[in-house]
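One letter stands for each residue in the lines below.
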Amino acid sequence: MTGRFRAIVDVHVMLVRGDELLLARREGTGYGDGLWHLPSGHLEEGESVTAAAVREAAEEIGVTIDPADLTFAHVMHRAPERVGLFFTVEKWTGEPYNAEPHKCSEIAWWPMAALPPDMVAYPAAAIAEILAGVPFAEHDWSTNH
């Protein structure tokens, strides 16, 4: 008998300003360095997903978000052990800035209709699904899993 499966949960915050989306270019993390990504991070033990989204936005881009302003947009199950929860937000306090220069080389607003081609693959796929109104997707699953 095997033990109960436990997924790693991460949260992703889509700051939306009109028709633009805020992205950060990863650097010095060992994962996706040089590629664009949403402000995001892992859920910590005992933390709600909305609290994690608020915390990650504050840590990475220096803004304060009221959890009530987060809108659930998408869930993505990434093979085999990760589950990503994506939230949009159109209201926050503070001007976004690169609050983690040791993990991010720059932040920039991008038109949602013309996102950069050099993005981490799974958030790019999730954003496309969100823009299409699809609330759930699986990513990187193959017949080997």
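Our subject is the structure that appears above.
Everything numeric in this text was worked out from a predicted model, so none of it was measured. Along each chain, the written sequence defines residue order, and numbers are assigned to residues from 1. Two thresholds apply to this predicted model, a pLDDT of at least 70 for residue-level local features and 80 or more for giving and counting side-chain atom pairs, whereas whole-chain, interface and lining totals are computed over all residues. By convention in this description, side-chain values take in all heavy atoms of the structure and omit both hydrogens and water.

**Structural notes on helix 1 (residues 49–61)**
Counting from the N terminus, the helices are DSSP H or I runs at least four residues long and the strands are E runs at least two residues long. A helix is expected to reach a length of 1.5 Å times the quantity of its residues less one. Helix length check: helix 1, at 13 residues, gives a terminal C-alpha distance of 18 Å against a target of 18 Å (1.5 Å per residue), a fit within 8%. Those residues of helix 1 that are buried lie in contact with strand 1 (8–17), strand 2 (20–26), strand 4 (40–42), strand 6 (82–89) and strand 7 (104–111). Positive phi shows up at Gly-62, right after helix 1, with a value of about 70°. The contact criterion used throughout is that any non-hydrogen atoms of two residues lie within 4.5 Å.

**Examining helix 2 (residues 121–131)**
The periodicity of an α-helix, 3.6 residues per turn, causes residues three or four places apart in sequence to face the same way. Residues of helix 2 that are buried: Tyr-122, Pro-123, Ala-126, Ile-127 and Ile-130. All buried residues of helix 2 fall inside an arc of 135° around its axis, so they share one side. Buried residues along helix 2 sit in contact with strand 1, strand 2, strand 3 (36–37), strand 5 (71–78), strand 6 and strand 8 (136–139). Where helix 2 terminates, the next one or two residues include Gly-133, which has phi positive at roughly 80°. In this scheme, a residue with accessible area under 20% of its type's maximum is buried, one over 50% is exposed, and one in between is partly exposed, where area comes from a 1.4 Å probe on protein chains only. This arc describes the spread of directions from the helix axis toward the C-beta atoms.

**Some words on the side chain of His-74**
With respect to the secondary-structure elements, His-74 resides in strand 5. Judged by relative accessible area, which is 0%, His-74 ranks as buried. Within the structure, the side chain of His-74 is placed 3.3 Å from the backbone oxygen of Pro-135, a separation counted as a polar contact. In contact with His-74, other than residues within four places in its own chain, are Gly-84, Leu-85, Phe-86, Ala-126, Glu-129, Ile-130, Val-134, Pro-135, Phe-136 and Ala-137. By the criterion applied in these results, polar contacts are pairs of N or O atoms within 3.5 Å in which, for protein atoms, one can donate a hydrogen and the other can accept it, and in which residues neighboring in sequence qualify only through two side-chain atoms.

**Quick look at unusual backbone geometry**
Note the cis peptide between Ala-79 and Pro-80, where omega equals -20°. Examined against the element boundaries, Pro-80 turns out to sit in the loop between strand 5 and strand 6. Phi is positive for Asp-140, close to 65°, though the residue is something other than glycine. Position of Asp-140 among the secondary structure elements: in the segment after strand 8. What makes Asp-140 exposed here is its relative accessible area of 56%.

**Details of the environment of Trp-110**
Relative to the helices and strands, Trp-110 is located in strand 7. Overall, Trp-110 belongs to the partly exposed group, its relative accessible area being 23%. Excluding its chain neighbours within four sequence positions, the residues that come into contact with Trp-110 are Asp-19, Glu-20, Leu-21, Leu-23, Trp-36, Leu-115 and Pro-116.

**A look at the packing of aromatic side chains**
Pairs of aromatic rings are described using the distance from one ring centre to the other and the angle between the two planes. Pairing of aromatic rings covers Phe, Tyr and the six-membered ring of Trp, with a centre-to-centre limit of 6.5 Å; geometry is then stacked below 30 degrees between planes, edge-to-face above 60, and tilted otherwise. As enumerated under the stated definition, the model contains three aromatic pairs in all. Each ring, one from Phe-72 and one from Phe-87, has its centre 6.1 Å from the other, and the planes form 80°; the classification is edge-to-face. Taken together, the residues Phe-72 in strand 5 and Phe-87 in strand 6 connect sequence positions 15 residues apart. Judged by centre distance (6.0 Å) and plane angle (20°), the rings of Trp-92 and Trp-109 are stacked. With Trp-92 in the loop between strand 6 and strand 7 and Trp-109 in strand 7, this residue pair connects regions lying 17 residues apart in the sequence.

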